[in-house]
Amino acid sequence: MSHITNEEFMKKEINVVVTGAAGQIGYSLIPRLIDGNLFKDTIVNLSLVEIPQVVEKLEGLAMELDDSYFPHLGSIDIYDDFSAASHNGNWFLLVGSIPRGIVYKGKKIEERSDLLKINGGIFVDQGKAIGSNGANEAKVLVVGNPANTNALIGMNAANNKDQTWMAMTMLDSNRAKSMLAKKINCNVSEISKMVIWGNHSPTMYPDFENALYKNSSVKEAISDLDWFSNSFIPSVQQRGKAVIDARGASSATSAAKAAIDTIHACENPTLSGDCFSAAIMSDGAYDVPEGLICGFPLMTLSSGKIEIIRDLSLSDGGKQRLSQSVQELIDEKSAVQDLL
Ligand SMILES: NC(=O)c1ccc[n+]([C@@H]2O[C@H](COP(=O)([O-])OP(=O)(O)OC[C@H]3O[C@@H](n4cnc5c(N)ncnc54)[C@H](O)[C@@H]3O)[C@@H](O)[C@H]2O)c1
């Protein structure tokens, strides 16, 4: 199932592993991985993973990808066994997870703590496989919720310092940019340096203090400080629920675009003065306890290394919001302590 490689045209090859590939995010995400815009001049080999009950659906997706004329598409392999899929993966997009509200092993999963435990168990196995079988400098983006704690569990199980684990907060950052752009009445591309601090949950802190509109503070363009506290912050925090209420299903195309944007941000050096948002392991920056997977301002260096930007400042109010979200991460960590 592979296209002929024109060596003049396609200089590189990359292996991308996607879990939850038959889900709604997967359907929107996977074509974008192979359209040549994200991984330029690169053949993309896909390893698509699903649970055994669903894996057959992936044959249909593979047929559609073949039928879509993607010159950058390499091989498509389908798995119901993550460990087998994980060999030599350069990027792991861990989208699959058990959602709240479904019946799992005879029990309806309502509590976040149950969700943490069930998904946590899955991420132990996936982490071990990535640590042993993934490429040396593999990057892992956890999308499946609760994303930060799933990533924490996976990263601990992987125990491989050369690999980078992240949880996705780009969707929150994109939502925040859109809300600011609407308020200012400008294009979204004119908003930059949009940081999502903390947990990918309603406690996250979308940081308007450091955000820029055309290189000056958005606070100069939007002087209404009440709007930030009473409208902007809660709207970003609750946007996922608002989409579920309106659509009857959780965000999918925007989540897929955010995953693509995160990969793009990691594969290309960050422009000076800007940053991107993802949750990554804390090394104590901004007084966040070491080892937690926390949303930070990040930059990609020209070497490809991803680093926390350390020189942003937060107001006391901002610090308090970050510390509330960090407390939630600490509580989630305690709930899964036996998996770490
Ligand atoms: N971080 C974010 O910003 C963000 C945004 C939107 C959604 N999400 C989360 O992304 C996840 C996926 O969302 P969706 O809308 O695609 O859900 P979905 O239910 O449509 O698809 C999830 C898929 O994952 C599969 N799956 C479950 N466990 C798996 C496992 N162990 N291995 C492989 N596949 C597995 C399921 O069979 C299903 O096909 C959910 O957890 C959702 O909450 C995160």
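Examining the pattern of salt bridges
And then number 1: By the definition in use, this model includes 6 salt bridges.
And then number 2: Residue Lys 241 pairs with Asp 245 through a salt bridge whose shortest N-O separation is 2.9 Å. Highlighted residues: Lys 241 and Asp 245, both in helix H9 (residues 239-247), separated by 4 residues, approximately one helical turn.
And then number 3: With its nearest N and O atoms 2.9 Å apart, the salt bridge here joins Lys 257 to Asp 261. Linking Lys 257 with Asp 261, this pair stays in helix H10 (residues 253-267), spanning 4 residues, or about one helical turn.
And then number 4: Residue Asp 261 is classed as buried on the basis of its relative accessible area of 19%.

As for the nonpolar core
One recurring pattern in soluble globular proteins: nonpolar side chains tend to sit buried together.
And then number 1: With 81 residues, the main nonpolar core has Leu 33 and Phe 232 as its most contacted residues.
And then number 2: Per-element accounting of this core gives the leading share, 8 residues, to H10.
And then number 3: Per-domain counts for this core show at least three residues from each of domain 1 (12-167) and domain 2 (170-339).
And then number 4: Setting aside chain neighbours within four positions, we find Phe 232 in contact with Ala 176, Met 179, Leu 180, Met 194, Pro 206, Phe 208 and Trp 227.
And then number 5: Formed by 26 residues, the second largest nonpolar core is a distinct cluster that contains Phe 92, Leu 116, Leu 152 and Val 336.

Digging into the packing of helix H1 (residues 24-33) against helix H2 (residues 57-66)
And then number 1: Following both chains from N to C, one finds H1 and H2 inclined at 35°, their axes separated by 11 Å at the closest point. The interaxial crossing formed by H1 with H2 has right-handed handedness. On H2, the residues that touch Tyr 27, Ile 30 and Pro 31 of H1 are Leu 61, Glu 64 and Leu 65.
And then number 2: In terms of residue class, the contact of H1 with H2 is made up of 5 nonpolar, no polar and 1 charged.

Looking at helix H8 (residues 225-237)
Think of an α-helix as 3.6 residues a turn; residues three or four steps apart then line up on the same face.
And then number 1: When the terminal C-alpha atoms of H8 are compared, their 17 Å separation across 13 residues agrees well with the 18 Å that a helix rising 1.5 Å per residue should span.
And then number 2: Considering bend angle alone, the principal kink of H8 is centred on Ser 231 and spans about 25°; proline Pro 234 follows within four residues of it.
And then number 3: When we look at burial in H8, the residues that qualify are Trp 227, Phe 228, Phe 232, Ile 233, Val 236 and Gln 237.
And then number 4: Buried positions along H8 lie against helix H6 (170-184), strand E11 (205-207), helix H7 (218-221), H9 and helix H11 (316-335).

A word on the state of the cysteines
And then number 1: Evaluated as defined, the whole model comprises 0 disulfides.
And then number 2: Here Cys 275 stays free of any disulfide, with the sulfur of Cys 266 as its closest cysteine sulfur at 12 Å.
And then number 3: The buried category is assigned to Cys 275, whose relative accessible area is 8%.
And then number 4: No disulfide involves Cys 294; its nearest neighbouring cysteine sulfur is the one of Cys 275, lying 14 Å away.

Notes on the pairing of strand E14 (residues 276-281)
And then number 1: Judged by how many residues are buried, E14 sits mostly within the fold: 5 of 6 residues are covered.
And then number 2: Pairing analysis gives 6 bridges linking E14 to strand E15 (residues 293-300), with the strands arranged antiparallel. Across the sheet, residue Ile 280 finds its bridge partner in E15, namely Cys 294.

A look at the side chain of Lys 139
And then number 1: Considering the arrangement of structural elements, one finds Lys 139 in strand E7 (residues 139-142).
And then number 2: There is no salt bridge for the buried Lys 139, and the closest opposite charge comes from Glu 267, which lies 4.7 Å off by N-O distance.
And then number 3: Among residues more than four places away in sequence, those in contact with Lys 139 are Asn 90, Trp 91, Phe 92, Thr 164, Met 166, Cys 266, Gly 304 and Ile 306.

Things to note about the site of the ligand
And then number 1: Neighbouring residues of the ligand: 24 residues in total, closest Gln 24, Glu 50, Ser 97, Val 143 and Asn 145.
And then number 2: Residue Gly 20 places a main-chain N or O atom 3.2 Å away from a nitrogen atom belonging to the ligand.
And then number 3: Within the backbone of Ile 25, a nitrogen or oxygen atom sits 3.0 Å from an oxygen atom of the ligand.
And then number 4: Compared with its free state, where it exposes 860 Å², the ligand has 84% of that area covered by protein.
And then number 5: The set of elements that each furnish at least two residues to the shell around the ligand consists of H1 and helix H4 (112-133).

The rules we used
- Residues numbered from 1 in each chain as written.
- Predicted model: local features only at pLDDT ≥ 70, side-chain atom pairs only at ≥ 80, totals over all residues.
- Heavy atoms only, no water.
- Salt bridge = Lys/Arg side-chain N within 4 Å of Asp/Glu carboxyl O.
- Helix = DSSP H or I, 4+ residues; strand = E, 2+ residues; numbered from the N terminus.
- Buried < 20%, exposed > 50% of the residue type's maximum accessible area, 1.4 Å probe, protein only.
- Core = buried A, V, L, I, M, F, W, Y, C linked by side-chain atoms within 4.5 Å.
- Domains from an automatic or database assignment.
- Contact = heavy atoms within 4.5 Å.
- Axes fitted to C-alpha atoms, helices over the stretch in contact; angles between N-to-C directions.
- Left-handed = near helix turned anticlockwise from the far one by under 90°.
- Nonpolar A, V, L, I, M, F, W, Y, C, P; charged D, E, K, R; others polar.
- Expected span 1.5 Å × (residues − 1).
- Bend = angle between axes of the 7 residues up to and from the residue.
- Disulfide = S-S within 2.5 Å.
- Pairing = 2+ DSSP bridges.
- Lys, Arg positive; Asp, Glu negative; His and termini not counted.
- Near = heavy atom within 4 Å.
- Polar contact = N/O pair within 3.5 Å; in protein donor to acceptor, adjacent residues only side chain to side chain.
- Areas by Shrake-Rupley, 256 points an atom, 1.4 Å probe, with all protein chains shown as cover.

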